[in-house]
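The lines below spell out each chain.
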Amino acid sequence: MYIPSFNKFENEQEAISFMQRYSFATIVTSVDDVPYATHLPFLVEQRDDKIVLSSHFAKANPQAAQILGKAVLVIFTEPHAYISPSNYEKETNVPTWNYLAVHAYGKAALLDDTDQTANLLVHTINTYEPAYLHQYEKLSDEYKQKMMKGIVAFEIIVGNLQAKKKLSQNRTEQERENIINTLSESPDTTENEIAKYMTAMKPIQ
């Protein structure tokens, strides 16, 4: 991903926090120069000094058979906003877009063991809807085994993490303030989120 130096995330932990917050991501693979993509919820963990992404495909998804031992890309992106040149101090400007994105590259390994798959599902429930866990645990083992036979669980050890936040860092302080005010007043909650990220960003030195 093209990332100018002033658009980089501050550190790796900031990128991890972003992935955990916006964890419904896109996994991309390639076979014979043909790209394939699936949208999946991911668990994002730090294990010792490694970043691990975990999820599962529907077994019927042909991409599930493509990931073993292959290089994969997982794209995390969510808040974005159109930036009007009306926010700038000079008329000789054009529109742009502010956004945040993290690209995680790595190799995937299948979780073939039933216990590993079961643990992944419990972890997923605890992450997205902890209140549902009690109901899930009351389901019969037969039913849960049947459901697990229909999925392919996997995890990815991230080897290369690229994180970009394009938040008008190259604009003047007044222009950034104008953009924050415009996005904060928008009825679009996604634009409100970009305003919050811009507000929290350290001032450009």
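Residues numbered from 1 in each chain as written. Predicted model: local features only at pLDDT ≥ 70, side-chain atom pairs only at ≥ 80, totals over all residues. Heavy atoms only, no water.

What follows deals with the sheet that holds strand β3 (residues 43-47). Spatially, the seven strands line up as an open sheet ordered β2-β1-β5-β6-β7-β4-β3, and their pairing is antiparallel. The open sheet is flanked by β2 (34-41) and β3, the only strands paired with a single partner. Each strand axis lies, on average, 35° off the axis of its neighbour in the sheet, ignoring direction. Examined bridge by bridge, strand β5 (residues 71-83) and strand β6 (residues 96-110) share 11 bridges and lie antiparallel to one another. Its bridge partner being in β6, Ala 81 is matched across the sheet by Asn 98. Docked against the sheet, helix α6 (residues 189-200) engages β5 and β6, running at close to 95° with respect to β5. (Pairing = 2+ DSSP bridges. Helix = DSSP H or I, 4+ residues; strand = E, 2+ residues; numbered from the N terminus. Axes fitted to C-alpha atoms, helices over the stretch in contact; angles between N-to-C directions. Contact = heavy atoms within 4.5 Å.)

If you trace the backbone, Thr 199 turns up in helix α6. You can call Thr 199 exposed: its relative accessible area is 53%. Within the structure, the side chain of Thr 199 is placed 2.8 Å from the backbone oxygen of Ala 195, a separation counted as a polar contact. (Buried < 20%, exposed > 50% of the residue type's maximum accessible area, 1.4 Å probe, protein only. Polar contact = N/O pair within 3.5 Å; in protein donor to acceptor, adjacent residues only side chain to side chain.)

Time to look at the nonpolar core. Note on soluble globular proteins: their nonpolar side chains tend to be buried together. With 40 residues, the main nonpolar core has Ile 27, Phe 42, Leu 53, Phe 76 and Ile 156 as its most contacted residues. Looking at this core, the elements with two or more residues in it are α1 (12-21), β1 (24-31), β4 (50-58), β5, β6, β7 (151-166), α5 (173-184) and α6. If sequence neighbours within four positions are ignored, Phe 42 has contacts with Ser 23, Ala 25, Ile 27, Leu 53, Ser 54, Ser 55, Val 74, Phe 76, Tyr 128, Phe 154 and Ile 156. Counting six residues, the second largest nonpolar core, distinct from the first, contains Leu 121, Leu 133, Tyr 136 and Met 148. (Core = buried A, V, L, I, M, F, W, Y, C linked by side-chain atoms within 4.5 Å.)

This part is about empty space enclosed by the protein. Counted according to the given criterion, the structure contains one cavity of 30 Å³ or more. Space inside the largest cavity adds up to approximately 40 Å³. Pro 41, Phe 42, Leu 43, Ser 54, Ser 55, His 56, Leu 120, Thr 124 and Tyr 128 are the residues that line the largest cavity. Those elements that provide at least two residues to the lining of the largest cavity are β4 and α2 (114-128). In terms of residue class, the lining of the largest cavity is built from five nonpolar, four polar and no charged. (1 Å grid on protein atoms, 1.4 Å probe; cavity = no way out; pocket = protein on both sides within 12 Å on 5 of 7 lines; lining within 4 Å. Points joined across faces, edges and corners; volume = space filled by probe spheres on them. Nonpolar A, V, L, I, M, F, W, Y, C, P; charged D, E, K, R; others polar.)

Here the structure, examined in full by the defined rule, presents seven salt bridges. With a shortest N-O distance of 3.1 Å, Arg 171 and Glu 175 are connected by a salt bridge. Salt bridges here are not isolated pairs; linked through shared partners, they connect Glu 10, Glu 14 and Lys 165. (Salt bridge = Lys/Arg side-chain N within 4 Å of Asp/Glu carboxyl O.)

Distances and angles like these do not, on their own, reveal function.
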